[in-house]
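Observations on the model geometry
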Amino acid sequence: MTPRRTTRTLVLIAGLAAVVVPLARTWALQWGATDDDLDADLPGDELVPDPLIGATRAITIDAPPEQVWPWVVQLGLGRGGFYSYDRLERAFGLDVHSADRVEQRWQSLAVGDAVHLGPEVALEVVRLDRNAAMVLAAPDSAWVWAFVLRPGRYGTTRLVVRERYARLGWWSRAAFEVLGVASTVMSRAMLRGIRDRVQGARGPEVP
């Protein structure tokens, strides 16, 4: 390949990357979300009003919120798991086993409780509205993770999951961008995992 052709090839690759990378990033941060989901003011937004990075992902579940809620509220390591790639998480040393049914022992979550993502990593429950919203936050609200159940038409539920990362030090954008990539992979699997479990089992009613 001649130097001129090599240069043109590199310019073409750079041009394609300049177009594809922003589109891919947008898709990753907004997977499954509609304009209504993206524009909605959701519980937890007030904790990080001016996020450095925000992600809103969503899925429609063919069941009412009261049947989706029990699966959401039992999320966490040592609880119902994350309904995603258990084998991958175990490969990183996390003893994750996602539940395939609603367990009464994991339904008594309360504000102030810790939801563990790893043995030494946990988020605090800062808001819990039954059948409507569960908001988890890292210390100082550096990261807020909200699960919002919005009633849809014909008895469906719109499960919207929003992450907001605060502006911290100079290092925060690079760190949160990397975290966002991992979050995209796991969140898609989690949303689908919750949907499939709810629609497959229509989990037992929780008193």
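Residues numbered from 1 in each chain as written. Predicted model: local features only at pLDDT ≥ 70, side-chain atom pairs only at ≥ 80, totals over all residues. Heavy atoms only, no water.

Comments concerning the sheet that holds strand β4 (residues 133-137)
- Strand order in the open sheet formed by six strands is β1-β6-β5-β4-β3-β2, and the pairing between neighbours is antiparallel. Among the strands making up the open sheet, the edge pair consists of β1 (53-61) and β2 (114-118). Direction aside, neighbouring strands of the sheet carry axes that sit 20 degrees apart on average.
- In this sheet, strand β3 (residues 121-129) lies alongside β2 in antiparallel orientation, the contact comprising four bridges. (Pairing = 2+ DSSP bridges. Helix = DSSP H or I, 4+ residues; strand = E, 2+ residues; numbered from the N terminus. Axes fitted to C-alpha atoms, helices over the stretch in contact; angles between N-to-C directions.)

Examining the pairing of strand β5 (residues 143-151)
- Extensive coverage of β5 is indicated by the burial of seven of its nine residues.
- The turn linking β4 back onto β5 is made up of five residues, and Asp140 within it adopts a positive phi angle of 60 degrees.
- Joining the antiparallel neighbours β5 and strand β6 (residues 157-165) is a turn of five residues, in which Tyr154 adopts a positive phi near 60 degrees. (Buried < 20%, exposed > 50% of the residue type's maximum accessible area, 1.4 Å probe, protein only.)

Focus on the pairing of β3
- Two successive antiparallel strands, β2 and β3, enclose a turn made up of two residues.
- Pairing of β3 with β4 involves five bridges; the strand directions are antiparallel. The residue of β4 that forms the bridge with Glu124 is Ala137.

Considering the pattern of salt bridges
- Here the structure, examined in full by the defined rule, presents 10 salt bridges.
- In this structure, Arg105 and Glu103 form a salt bridge, with 3.8 Å as the shortest nitrogen-oxygen distance.
- Residue Arg195 is joined to Asp196 by a salt bridge in which the shortest nitrogen-to-oxygen separation is 3.0 Å.
- Looking at Asp196, the relative accessible area reads 43%, which means it is partly exposed.
- Taken together, the shared-partner salt bridges connect Asp37, Arg150 and Arg158 into one network. (Salt bridge = Lys/Arg side-chain N within 4 Å of Asp/Glu carboxyl O.)

Some details on the side chain of Gln107
- Position of Gln107 relative to the elements: it lies in the loop between α4 (86-91) and β2.
- Engagement of the side chain of Gln107 in a polar contact is seen with the side chain of Gln74, the distance being 3.2 Å. (Polar contact = N/O pair within 3.5 Å; in protein donor to acceptor, adjacent residues only side chain to side chain.)

Structural notes on unusual backbone geometry
- For Tyr83, which is not a glycine, the phi torsion comes out positive at approximately 55 degrees.
- Checked against the element boundaries, Tyr83 lands in the loop between α3 (65-73) and α4.
- We classify Tyr83 as buried; its relative accessible area is 2%.
- A positive phi angle, near 60 degrees, is found at Tyr154, a position not held by glycine.
- Within the element layout of this structure, Tyr154 appears in the loop between β5 and β6.

Considering the packing of aromatic side chains
- Enumeration over the complete set of coordinates arrives at four aromatic pairs.
- Consider the rings of Trp143 and Trp145, whose centres lie 5.8 Å apart with planes at 25 degrees: the pair is stacked. Residues Trp143 and Trp145 agree in their burial class; the two are buried.
- Aromatic side chains Trp143 and Tyr165 sit 5.9 Å apart centroid to centroid with 10 degrees between the ring planes, which places their arrangement in the stacked category. Taken as a pair, Trp143 in strand β5 and Tyr165 in strand β6 lie far apart in primary sequence, 22 residues in all. Neither Trp143 nor Tyr165 differs from the other in exposure class; each is buried. (Phe/Tyr/Trp six-rings, centres within 6.5 Å; stacked < 30°, edge-to-face > 60°.)

Side note on the environment of Gln107
- The class of Gln107 is buried, set by a relative accessible area of 13%.
- Remark: the alpha-carbon pair of Gln107 and Pro70, spanning 37 residues in sequence, is separated by 6.7 Å.

Regarding the nonpolar core
- In terms of nonpolar packing, the biggest core is built from 38 residues, with Val72, Trp145, Phe147, Leu159 and Ile194 touching the most fellow members.
- Where this core is concerned, the elements lending two or more residues are β1, α3, β2, β3, β4, β5, β6 and α5 (172-201).
- Tallying contributions element by element places α3 first for this core, with five residues.
- The residues touching Trp145, leaving out its near neighbours within four places in the chain, are Leu117, Leu123, Met134, Val135, Leu136, Val161, Arg162, Glu163 and Met190.
- Ranked by size, the runner-up nonpolar core spans 12 residues in total, among them Ala58, Ala137, Val148 and Ala166. (Core = buried A, V, L, I, M, F, W, Y, C linked by side-chain atoms within 4.5 Å. Contact = heavy atoms within 4.5 Å.)

These results come straight from atomic positions and should not be treated as a statement about function.
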